Amino acid sequence: MRAQDVGKAGEAIARKYLEFIGFEILGCNLRLGGGEVDILARDGNVLVVVEVKTRRSTAFGRPEEQITAGKLRTLRLLATQVSAACRGASVRVDVVAIMADASSRESLGHVAISHLVGVLT
């Protein structure tokens, strides 16, 4: 699988996981002025900007470790834009990290999911 395919497959797994735990998916790959929201969801009364990180190897660290200070700034900006567009709605940022089985070449195979809630609020 190409890196882009791994990312798309990871986002699909993240959507299914979030729906399974009761989130309502509002949109995916939403381009805003400050960047792109991987998944926009609703958790009760809170809008959630979800960043999805998928990896097939820990050679460069675990997926959640790939969230840099610059990425956090971008996520904060995106959350602010979502809140403003939704008349001041409460927004938080979550990270869904997916560690996939590197041995499967055609799909992600077995995955481990980590959900970091409220990385930014």
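Described in the following lines is the structure provided in the data block. Source: prediction; values computed, not measured.

### Structural notes on helix 1 (residues 3–20)
Then, number 1: Here helix 1 is 18 residues long and its end C-alpha atoms lie 26 Å apart, about the 26 Å a rise of 1.5 Å per residue gives.
Then, number 2: Within helix 1, the full set of buried residues consists of Val-6, Ala-9, Gly-10, Glu-11, Ala-14 and Leu-18.
Then, number 3: Of the surrounding elements, those touching the buried residues of helix 1 are strand 1 (24–32), strand 2 (35–43), strand 3 (46–55), strand 4 (91–100) and strand 5 (111–120).

### Thoughts on helix 2 (residues 69–85)
The α-helix winds at 3.6 residues per turn, so residues separated by three or four positions along the chain end up facing the same way.
Then, number 1: The terminal C-alpha atoms of helix 2 lie 24 Å apart, and with 17 residues this matches the ideal 24 Å at 1.5 Å per residue to within 8%.
Then, number 2: For helix 2, the set of buried residues is Leu-75, Leu-78, Ala-79, Val-82 and Ser-83. Down the axis, helix 2 shows its buried residues gathered within 135° of arc, on one side only. Turned more than 90 degrees off the buried face of helix 2, the exposed positions are Ala-69, Arg-73, Ala-84 and Ala-85.
Then, number 3: Close packing links the buried residues of helix 2 with strand 1, strand 2, strand 3, strand 4 and strand 5.
Then, number 4: Just downstream of helix 2, Arg-87 is the residue with a positive phi angle, here 55°.

### Here's the deal with unusual backbone geometry
Note: most residues except glycine have negative phi, and most peptide bonds are trans.
Then, number 1: At Asn-29, a residue that is not glycine, the phi angle is positive and equals roughly 50°.
Then, number 2: Tracing the sequence through the fold places Asn-29 in strand 1.
Then, number 3: For Asn-29, a relative accessible area of 36% gives the class partly exposed.

### Overview of the pattern of salt bridges
A side chain with one charge can pair with a side chain of the opposite charge if their charged atoms come near.
Then, number 1: In this structure the tally under the stated criterion is seven salt bridges.
Then, number 2: A salt bridge links Arg-42 to Glu-24; the shortest N-O distance between them is 3.6 Å. Of this pair, Arg-42 sits in strand 2 while Glu-24 sits in strand 1; the two residues are 18 residues apart in sequence, bridging distant segments of the chain.
Then, number 3: The partly exposed category is assigned to Arg-42, whose relative accessible area is 33%.
Then, number 4: Relative accessible area serves as the criterion here: at 44%, Glu-24 is assigned to the partly exposed category.

### Here we look at the sheet that holds strand 2
Then, number 1: Strand order across the open sheet formed by five strands is 1-2-3-4-5, with mixed pairing between neighbours. The outermost strands of the open sheet, each flanked by one partner alone, are strand 1 and strand 5. Pairwise comparison of adjacent strand axes, ignoring direction, gives a mean angle of 30° for this sheet.
Then, number 2: Relative to strand 4, strand 3 runs parallel, the two being bridged by nine bridges.

The rules behind each value
Residues numbered from 1 in each chain as written. Predicted model: local features only at pLDDT ≥ 70, side-chain atom pairs only at ≥ 80, totals over all residues. Heavy atoms only, no water. Helix = DSSP H or I, 4+ residues; strand = E, 2+ residues; numbered from the N terminus. Expected span 1.5 Å × (residues − 1). Buried < 20%, exposed > 50% of the residue type's maximum accessible area, 1.4 Å probe, protein only. Contact = heavy atoms within 4.5 Å. Arc of directions from axis to C-beta. Salt bridge = Lys/Arg side-chain N within 4 Å of Asp/Glu carboxyl O. Pairing = 2+ DSSP bridges. Axes fitted to C-alpha atoms, helices over the stretch in contact; angles between N-to-C directions.

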